[in-house]
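So the chains spell out like this:
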Amino acid sequence: MIPFSPPTLTEDDINAVVEVLRSGWITSGPVGRRFEERIAEVSGTTGAVALSSATAALELALRAAGTGPGDEVVVPAYTYTASASVIDHVGAKIVMVDSEPGSPFPSVERIAAAVTGRTRAVITVDLAGIPFDSRPLATLLAGRGRIDAGLGAALGRPVIISDSAHSLGARLDSYPTGSLADLTAFSFHAVKNLTTAEGGALTWRSDLPTDQEALERWVRTYSLHGQTKDALAKSRGASWEYDVIAPAYKCNLPDTLAALGLSQLDRYARTLERRRELLAQYAEGLAGTGVTLLDHGGDGVVSAAHLAIATLPVADVAERNRVIQDLYEAGVSANVHYKPLPLLTAYRDLGFDIADFPGAHAFYSTELTLPLHLALSDADVAQVCTALATALRRSATRGTVSAA
Ligand SMILES: Cc1ncc(COP(=O)(O)O)c(C=O)c1O
């Protein structure tokens, strides 16, 4: 079976974790700080805080933007739940926007049209590793939204937060993700390009008009119960004394996991190169099959090549699902990214109706995600392409039969 997205772990990765386990300090400490410095380097930012997940990073980003009850936050309907659930967590109203026809992405104009006088922040998503260009969005949002205080007031517009769970190391016009939006959340979950098993990071662009050291301190404090000292600082000398300034979260990243990420960063440039190469092989291998691969190579875009998103020449969801079953029987594990949020119970219960999101619904109905990971050989890619072409031929026959 060709798996969908297993992690690639080397002996160096394992040794890096073991070294921390033997070191006498296993939770957040010096290794995590080195990991943060390297993440800041990769994303062209002045700093980063390592956290337990991208979800935690997104939620802290919303709180750093001062988002709370009475505020609205705009988010695409075509994304993973974590992009939107965090808006609910902070007590704000989720405002979803549809995708453009034939695309999983909303346009900046569509996002801007959803902004009201209550909009505190906008969350954009770098789906599949393709960086979303928030720069024209920033221009469109100038002077709009709820910008009475905090970061929004300093920016003169709602705060733009990038869900960059898929896009560490991507670039747009030579700006790395992390440098485009105001605040950026990365994920290091087990299926991501770079993994700490579970983990994430929050970064802020280097010219963000705020006291960035204060922002970093705030994020650290809010990721550690609102406690003014972390465990390492408390363990030094007789400096046990601390305060808790807010009843906050516990979502720091321990050194045991940071070590895994730090080790993988050493080969991350090669990882990205190979992932891009695999995408190119899919494009070549699927030529003439009627499959359209999501474009990772727009103007100035260098994608992180996280997902191989394909649009199939099939009639509907049932037929797409049959193709996934056929692929499975041919030894290929495929997936779907994503079921639009209004199709999920949680968001239906919040009042969202998929009928209001025809673009997202249509893209989802014929979407299939192909395996993309470093254990794939060139021969594996060829096998996936052959299996998909065969499944699509069978699908076309079924279409003819059922139409007759
Ligand atoms: C688009 C997107 N956003 C956010 C997340 C959440 O990441 P994490 O699991 O690190 O919280 C994911 C995870 O799959 C994701 O795909």
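As the structure is a computational prediction, the values presented were derived from the model and not from experiment. (Residues numbered from 1 in each chain as written. Predicted model: local features only at pLDDT ≥ 70, side-chain atom pairs only at ≥ 80, totals over all residues. Heavy atoms only, no water.)

### Notes on the sheet that holds strand β11 (residues 301–302)
- The strand order across the open sheet built from 3 strands is β7-β6-β11, with neighbouring strands paired in antiparallel fashion. The sheet is open, and its two borders are formed by β7 (175–176) and β11, each paired with just one other strand.
- The pairing of strand β6 (residues 171–172) with β11 spans 2 bridges and is antiparallel. Across the sheet, residue arginine 171 finds its bridge partner in β11, namely valine 302. (Pairing = 2+ DSSP bridges. Helix = DSSP H or I, 4+ residues; strand = E, 2+ residues; numbered from the N terminus.)

### Focus on the domain arrangement of the protein chain
- Partitioning the protein chain into structural domains gives domain 1 (11–265) and domain 2 (268–403).
- Spacing between the C-alpha centres of domain 1 and domain 2 amounts to 28 Å.
- Contact residues are listed per partner, giving 37 residues for domain 1 and 35 residues for domain 2.
- When the buried surface of domain 1 facing domain 2 is broken down by residue, Tyr78, Met96 and Asn193 rank first, second and third, together holding 25% of it.
- Where domain 1 packs against domain 2, one counts 0 salt bridges.
- Counting across the interface, domain 1 meets domain 2 through 21 residue pairs in polar contact (both at pLDDT 80 or more).
- Listed by contribution, the elements that provide at least two residues to the side of domain 1 that touches domain 2 are α4 (81–89), β3 (93–97), β6 and α10 (255–265).
- Split by residue class, the side of domain 1 that touches domain 2 holds 20 nonpolar, 12 polar and 5 charged. (Domains from an automatic or database assignment. Contact = heavy atoms within 4.5 Å. Buried area = accessible area lost by both parts, 1.4 Å probe. Salt bridge = Lys/Arg side-chain N within 4 Å of Asp/Glu carboxyl O. Polar contact = N/O pair within 3.5 Å; in protein donor to acceptor, adjacent residues only side chain to side chain. Nonpolar A, V, L, I, M, F, W, Y, C, P; charged D, E, K, R; others polar.)

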